[in-house]
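Commentary on secondary and tertiary structure
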Amino acid sequence: MNTKTIKKPTIKQPKINVITLGCSKNIYDSEVLMGQLRGNNLNVTHESDKMGKDDIVVINTCGFIDNAKQESIDTILQFSELKEAGKIGKVVVTGCLSERYKPELEAEITNVDAFFGTNDLQNILHELGANYKHELIGERLLTTPSHFAYFKIAEGCNRPCSFCAIPLMRGKHMSKPMEELVNEAKILAKNGTKELILIAQDLTYYGLDLYGVRKLDELMRRLSDVPGIEWIRLQYAYPSGFPMEILDAMNERDNICKYLDMPLQHITDNMLKSMRRGTTKQKTIDLVNQIRDKVPNIAMRTTLICGYPGETERDFEEMKEWVAETKFDRLGCFTYSHEEKTHAHTLIDDVPEEVKQERVDEIMEIQQGISFDINQEKVGKTFKVLVDKKEGDFFVGRTEFDSPEVDNEVLIDAATGYAANGSFVHVKVDRAEDFDLYGTIV
């Protein structure tokens, strides 16, 4: 008798496609979410173009300033329309915009399946048919190249800055326990991560809530001891109450990058006071000088705001002079965004948008010249470079003085030598432009 085996039809598991908008802190949150989903044996991808009619889209939104909010809303609308057309199954929204405007979003975009805030990981997992697994603490699904990872050491912020909505969306400062962070760094290093980019709303506050004292310097040393970690980089240090002891750790350890990202926002006393920055022009100038004295070859990055309420032409001229004199290695500049429920929202947004943009352009033009001059000094010198990718005819990498996405890049002609992604090579700089160095492997 001829018996045939009847195959059961395989039920294709819906894919969960995570879309990340906004800053590196959101990237980190998406990676933790995806690590948990994978740990629950669910099919998860990041920003996939291919989606089926049963697939679920999770949008991790940004709500920081107007442009970011608009991008988040446009993305939610785009995927809710795909759901409406039957091209995807579910849309779930999380992150800062959702934390800040959940009632308004629910009322306006009715076919989103669920909205969650910034600290709703367990609830999101439940919505997606997964359970929160404590044993997965420190496990993440990296969305960056595996050789570098954003490393969030704290959540939220206690600072009272007048223009900033972060505390409204992320809550009060909460440091992560040091043991947990060291364990996470070990897991990353085992999986090939060589560079940790330390992020938080305010790195310098680390430990104060958990241990009663600032412990960023101790954390840096503990992470520096993790085998396989070759670079540790600090992003988002706050100037007021800056713990100088972190500079000792920087000088002591070869694998702590001589790099500091410290958003200063403005320089005139009346702007700093109105912005509630807890510092003055002179204190800011003294701090920058002290940092440079203590770590002579440090690369300093800052960010500034143009067009804050009440910013006069004189305030702006003073900021321009200071930028030209201080010569930051890296600098970003933004137009002021009038955010509701912030203290600055009670002020009149009195600088016209086109004036704000003109001021940003002027600052960036000055910085372009500074960057060009600094880069010219690097010609003929050799630097240790971490290779991020191959693009066209070039391997593209960074020195210890550069963070991914925002800073300078080193372009190595692929015809002159080979460099694997994630490898360190020594590169002699042959020529330099405003924001790029060109060199050959030695």
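Everything numeric here is computed off the predicted structure, so don't read it as measured data.

**What about the UniProt feature "domain: TRAM" (unreviewed entry) in the chain?**
The UniProt record marks residues 376–442 with the feature "domain: TRAM" (unreviewed entry), using the residue numbering of this structure. Annotated as 1% helix and 52% strand, the span residues 376–442 places its first and last C-alpha atoms 19 Å apart.

**Observations concerning the sheet that holds strand β5 (residues 114–115)**
The five strands are arranged β2-β1-β3-β4-β5 in an open sheet whose pairing can be described as parallel. In this open sheet, the two edge strands, each paired with only one partner strand, are β2 (43–46) and β5. Sheet topology places strand β1 (residues 15–20) next to β2; four bridges connect them, and they run parallel. Pairing of N17 across the sheet is with T45, part of β2. Sitting on the sheet, helix α2 (residues 66–84) is in contact with β1, β3 (56–61) and β4 (90–95), with an inclination near 170° to β3. Across the sheet, helix α3 (residues 96–108) touches β3, β4 and β5, and the angle it forms with β4 is around 125°.

**Brief notes about the UniProt feature "binding site: [4Fe-4S] cluster 1" (unreviewed entry) in the chain**
Those places that UniProt annotates as "binding site: [4Fe-4S] cluster 1" (unreviewed entry) correspond, in this numbering, to C23, C62 and C96. Taken along the chain, the residues just named run across 74 residues; in space they keep tight, none of their C-alpha pairs more than 10.5 Å apart. Relative to the assigned elements, C23 resides in the loop between β1 and α1 (24–39). Note on C23: relative accessible area 31%, which makes it partly exposed. Along the polypeptide, C62 turns up in the loop between β3 and α2. Setting aside chain neighbours within four positions, we find C62 in contact with L21, G22, N26, A68, K69, S72, C96 and L97.

**Details of the domain arrangement of the chain**
Parsing the chain into structural domains produces domain 1 (16–134), domain 2 (144–377) and domain 3 (381–441). Summarising the inter-unit geometry, the C-alpha centres of domain 1 and domain 3 are found 35 Å apart.

**Description of the pairing of strand β12 (residues 299–306)**
For β12, a buried count of eight out of eight residues is recorded, marking the element as mostly surrounded by other parts of the structure. Residues A299, R301, T303 and I305 of β12 are buried on one face, and the alternating residues M300, T302, L304 and C306, pointing to the opposite face, are buried as well. In this structure, strand β11 (residues 256–261) lies alongside β12, joined through three bridges in parallel fashion. Paired with L260 across the two strands is M300, which belongs to β12. The pairing of β12 with strand β13 (residues 330–335) spans six bridges and is parallel. Following the sheet pairing, L304 is matched in β13 by C333. One crossover worth recording links β12 to the parallel β13 by way of helix α12 (residues 313–326), and it is right-handed.

**Things to note about helix α11 (residues 281–294)**
Taking 1.5 Å per residue, 14 residues should reach 20 Å; α11 reaches 20 Å between its end C-alpha atoms and fits that length. Taken together, the buried positions of α11 are occupied by T284, L287, V288 and I291. Buried residues of α11, seen end-on, are gathered within an arc of 95° and therefore sit on one face of the element. Where α11 is buried, its residues contact α9 (245–252), β11, α10 (269–274), β12 and α12.

Each value, and the rule that gives it
- Residues numbered from 1 in each chain as written.
- Predicted model: local features only at pLDDT ≥ 70, side-chain atom pairs only at ≥ 80, totals over all residues.
- Heavy atoms only, no water.
- UniProt positions renumbered as here; feature names shortened; annotations may be inferred.
- Helix = DSSP H or I, 4+ residues; strand = E, 2+ residues; numbered from the N terminus.
- Pairing = 2+ DSSP bridges.
- Contact = heavy atoms within 4.5 Å.
- Axes fitted to C-alpha atoms, helices over the stretch in contact; angles between N-to-C directions.
- Buried < 20%, exposed > 50% of the residue type's maximum accessible area, 1.4 Å probe, protein only.
- Domains from an automatic or database assignment.
- Right-handed = clockwise from strand over helix to strand, strands pointing away.
- Expected span 1.5 Å × (residues − 1).
- Arc of directions from axis to C-beta.

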